[in-house]
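Close look at the chain arrangement
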Amino acid sequence: MGPPSTSAIHANTASIEADAIESAKSNLFDTSSWREFCDVTLTLKQGHRADSGSWIKVDHYQCGQAFRHFMNLLNKKVYGSACRRHGKRLRVLPVLEKGEVRARSLRPCERGKSGQWHIHFAIELPSHFDAFALERLIRVCWARVELSNGRILVRDCANAGWIHYMLKHRQKSEFDGLLDCVMIESLHNPNADA
């Protein structure tokens, strides 16, 4: 028997990737034990000026840094000193995309142009906050992030449909594989880790 054909190798690779995606959806992105949660979309600036005055395009690494900074600010606002002392953090499932933001609830002038970096995430409501209070804090904290362009969409009463939307294939062309868009450094879902 000879070596496997190229088409068999591609089929096997596609099967492995599909299994990894399904595993991520069912394990890492499991929200079955969460209380109510919100879906959020944050849009980032596409570039910034360096100290030398030159224009630098934002890349996925800088987007990740910006989101980590945002989550540090938000966790401190929500949990105060318990964040530092006891490691208390909000449950969050973030995904980075580059493409058009087409949320129907945004006004036409707020909708993204092609090629915009943006972060979709699910975030559990803390027990001592309602959706309005959490949205206010999200807006305050995101405004303090240097790469924030100020566009924010927060909706309460999210469900598994939002998780499915976040993991869509569209707008993931900047990444080698679909799971590369998952912001693992900021993902916090302790029940999924168990």
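Residues numbered from 1 in each chain as written. Predicted model: local features only at pLDDT ≥ 70, side-chain atom pairs only at ≥ 80, totals over all residues. Heavy atoms only, no water.

Re the sheet that holds strand β6 (residues 148–155)
- Strand order in the open sheet made by the four strands is β4-β5-β1-β6, with antiparallel pairing throughout. Whereas interior strands pair on both sides, the edge strands pair on one side only; in this sheet they are β4 (92–99) and β6. Across the sheet, the mean angle separating the axes of adjacent strands is 20° when strand polarity is ignored.
- Note: β4 against strand β5 (residues 116–124), eight bridges, orientation antiparallel. For Lys98, the partnering residue across the bridge sits in β5 and is Trp117.
- Lying on the sheet, helix α4 (residues 131–143) is in contact with β1 (37–44), β5 and β6; it crosses β6 at an angle near 165°. (Pairing = 2+ DSSP bridges. Helix = DSSP H or I, 4+ residues; strand = E, 2+ residues; numbered from the N terminus. Axes fitted to C-alpha atoms, helices over the stretch in contact; angles between N-to-C directions. Contact = heavy atoms within 4.5 Å.)

Brief notes about the environment of Tyr165
- Tracing the chain through its elements places Tyr165 in helix α5 (residues 160–166).
- Judged by its relative accessible area of 31%, Tyr165 is partly exposed.
- A sequence separation of 45 residues divides Tyr165 from His120, and the C-alpha atoms of the two residues are 9.2 Å apart. (Buried < 20%, exposed > 50% of the residue type's maximum accessible area, 1.4 Å probe, protein only.)

Don't take any of this as a statement about function, it's just geometry.
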